[in-house]
Amino acid sequence: MSSEHSERHSAFAWRLHGDGKTVAPGAVVAPYERLTWGRTIGIGAQHVVAMFGATFLVPLLTGFPPSTTLFFSGIGTILFLLLTAGRVPSYLGSSFAFIAPLAAASNQYGPAGSLGGIVMAGIALFLVGLIVQIAGTGWLTKLMPPLVTGAIVALIGFNLAPSAKANFMEAPVTALVTLVSIILISVLFKGIFGRLSILLGVVIGYITAVIRGEVDFTAIHEAWENQGLFGLPHFQTPEFHWNLAGLFIPVILVLVAENIGHVKSVALMTGDNLDKYSGRALMADGLATTIAGAGGGSGTTTYAENIGVMAATKVYSTAAYWVAAIFAILLSILPVFGAAVASVPAGVLGGAATVLYGMIGMLGVRIWVENKVDFSNQVNLTAASVALIVGIADYTWDIGNLQFAGIALGTAATLITYHLMAFIARRRNSAPEPLEPRVDSLGK
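Conventions and cut-offs
Residues numbered from 1 in each chain as written. Predicted model: local features only at pLDDT ≥ 70, side-chain atom pairs only at ≥ 80, totals over all residues. Heavy atoms only, no water. Salt bridge = Lys/Arg side-chain N within 4 Å of Asp/Glu carboxyl O. Helix = DSSP H or I, 4+ residues; strand = E, 2+ residues; numbered from the N terminus. Buried < 20%, exposed > 50% of the residue type's maximum accessible area, 1.4 Å probe, protein only. Core = buried A, V, L, I, M, F, W, Y, C linked by side-chain atoms within 4.5 Å. Patch = residues over 30% accessible without salt bridge, like charges linked within 9 Å, V, L, I, M, F, W, Y side chains within 5 Å. Areas by Shrake-Rupley, 256 points an atom, 1.4 Å probe, with all protein chains shown as cover. Phe/Tyr/Trp six-rings, centres within 6.5 Å; stacked < 30°, edge-to-face > 60°. Contact = heavy atoms within 4.5 Å.

*Asks:* Go over the pattern of salt bridges, please, and point to the residues and values.
*Replies:* The tally for this structure, following the rule as stated, stands at 5 salt bridges. A salt bridge links E33 to R15; its shortest N-O distance comes to 2.9 Å. Here R15 lies in strand β1 (residues 15-16) and E33 lies in strand β2 (residues 33-34), a separation of 18 residues in the sequence. Among the residues examined, R15 registers a relative accessible area of 31% and is labelled partly exposed. Between K264 and D275 there is a salt bridge, with the nearest N and O atoms lying 3.3 Å from each other. You can see K264 sitting in helix α13 (residues 252-270) and its partner D275 sitting in the loop between α13 and α14 (278-295), a full 11 residues away along the chain.

*Asks:* Give a detailed account of the nonpolar core, specifying residues and quantitative values.
*Replies:* Membership of the largest hydrophobic core comes to 65 residues, with the highest contact counts inside it found for F98, L147 and F248. If you look at the next biggest cluster of nonpolar residues, it comprises 44 residues, including V88, Y91, A292 and A311.

*Asks:* Describe in detail a nonpolar patch on the surface, supporting the description with residues and values.
*Replies:* Together, L176, V180, L184, V187, L188 and F189 give the surface a local cluster of nonpolar side chains, amounting to about 570 Å² of exposed area. For L188, the position within the fold is in helix α8 (residues 172-188).

*Asks:* Please set out the environment of G364 residue by residue, giving values where relevant.
*Replies:* Along the chain, the position of G364 falls in helix α18 (residues 346-370). On the basis of relative accessibility, which here comes to 0%, the residue G364 falls in the buried class. With 99 residues separating them in the primary sequence, G364 and S265 have C-alpha atoms 7.7 Å apart.

*Asks:* Could you give me a rundown of the packing of aromatic side chains, with the residues and numbers involved?
*Replies:* By the definition in use, this model includes 7 aromatic pairs. Taken together, a centroid distance of 5.5 Å and an interplanar angle of 70 degrees make the contact between F71 and F235 edge-to-face. Of the two residues, F71 is situated in helix α3 (residues 66-83) and F235 in the loop between α11 (218-227) and α12 (245-248); the sequence distance between them amounts to 164 residues. We classify F235 as partly exposed; its relative accessible area is 39%. Ring-pair connections join several aromatic residues into one group, and the members of that group are F71, F72 and F235.

*Asks:* Describe the side chain of T290, listing the residues and the values that go with them.
*Replies:* Relative to the assigned elements, T290 resides in helix α14. Since its relative accessible area comes to 18%, T290 is described here as buried. Residues within four places of T290 in sequence aside, it is in contact with V119, G122 and I123.

The following block contains the structure:
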C-alpha cells in the first residue's frame, strides 16, 4: 500500500498487520494497520482505561459533570482522527492546563463563564494550527528542535510523578499489586494478553481493592436508583466575558507543546515523518476544545497516558482509537458505568500511573538519543536541565488570577533558555566549549 493510498483511506479502512494476531519483535502496528477486530477492541478498551483517571479527575476538580466531559472527549477524538486523516493515533482527553483558569473563572462568572473561556482558547488554538498548516512546520522545527521537544515530552511525563506517588500512597498494597501485575503480565505472556497488561493489571488491582474493602459502591447504587441504565449527559451553553481571554488563551502554550510533543513521539515510535500533520493536530484539538466548551465539557488535549499504552503494546493503529472514542461516547450515556469508573480507588490508579507516566518521560529521553543530542554542549545541557527541574518540581508562577504551573513554565524555560543561549553563542561567533573531551577526539 502506498503512503498516498494509505493516507487517503486510512481514516476508515486499515490493512491487516501480518496475520492480525502477532507483532514480530522490533515491529510495530502502523496507524493505517490493525490487528484482528477482537484484539483491536481489546487494545481500544485499554486506551479507555488509560485515559479514564485523568479525564474524570479534571471535571471532578473543577465541578464539571464527568459524563459530559467523557462524551466530548469521545467526540473530540473522532474529530481528531478525521482531521489528521487517520495517521496520528491519539486520544483527546481533559487537559490539566485548564484547571487553574477554570477555577478562577468559575469563582467570578460561574460554569457558563468558564465554558466561554474554554471556547476562546479552542478558537485560538485552531488559528495557530491553521497558521502551521499554511506556513508549514519549518519554523516549528527551528522553534522546537529535538533538544526542546525531547525536554517537553520528558517533563510532561515526569511532571505527573507526584500525582502517581500520591495515588500510590493512598493504598500502597493495592498499588503494588497493580504495578507488579502489569510488569509480570507484560513479560510472562505473549500476544494479546501481554499487550493488554495495563488493562489486566487494573482489573487485578480493582479486585484486590474490593477484597481489601477499599471500593465504595454507594455512588453506583444511587446512580442506578436515580437515573436508571441510560441517560444523556448534562449539557450547558457558554457565556462570553472577554476579560477572561487573558486567563484562557495562554493555556494554548501548553496545548501546542503537548500536541507537537505527541506528534513527534508517535513519529519516533512508528518511524514515520508526521510533521505535515502537526497543523492538522493543532486544528483538531482546537476544534474539539471549542465544541466541548460550547456544550459543557472540559478543554481537551492529546493524551500522554495513551502514548504510554502505545509504547507498551507497539500498536499504533488508529482503529483502536476509533474503538476507544465509541466506547467513551457509549459509556457517557451509562450513568451507572460513570459511577463505577469513579469508584476505581486511588491505589489502582497509582500503580498503573507509575508505569505509564514513567514511559512518557523516557520517550522524551529517547527523542534525545535517537537524534543524537549532544549534551557536552553547554546550551543543550543547560536548557534541558532547567526544563526538567522546573517540570518535575512543578514550579508555579502566579500572575494576578492566572497561575502557570510546571508544564507551562518548563516549556517556556526550555524555549527561552535554549534560544537565548544559542543566540548569544552565535553572536559571539563561537560554540560553547564541550564539558568533557569527546571520545572520538581521543582516538578511542
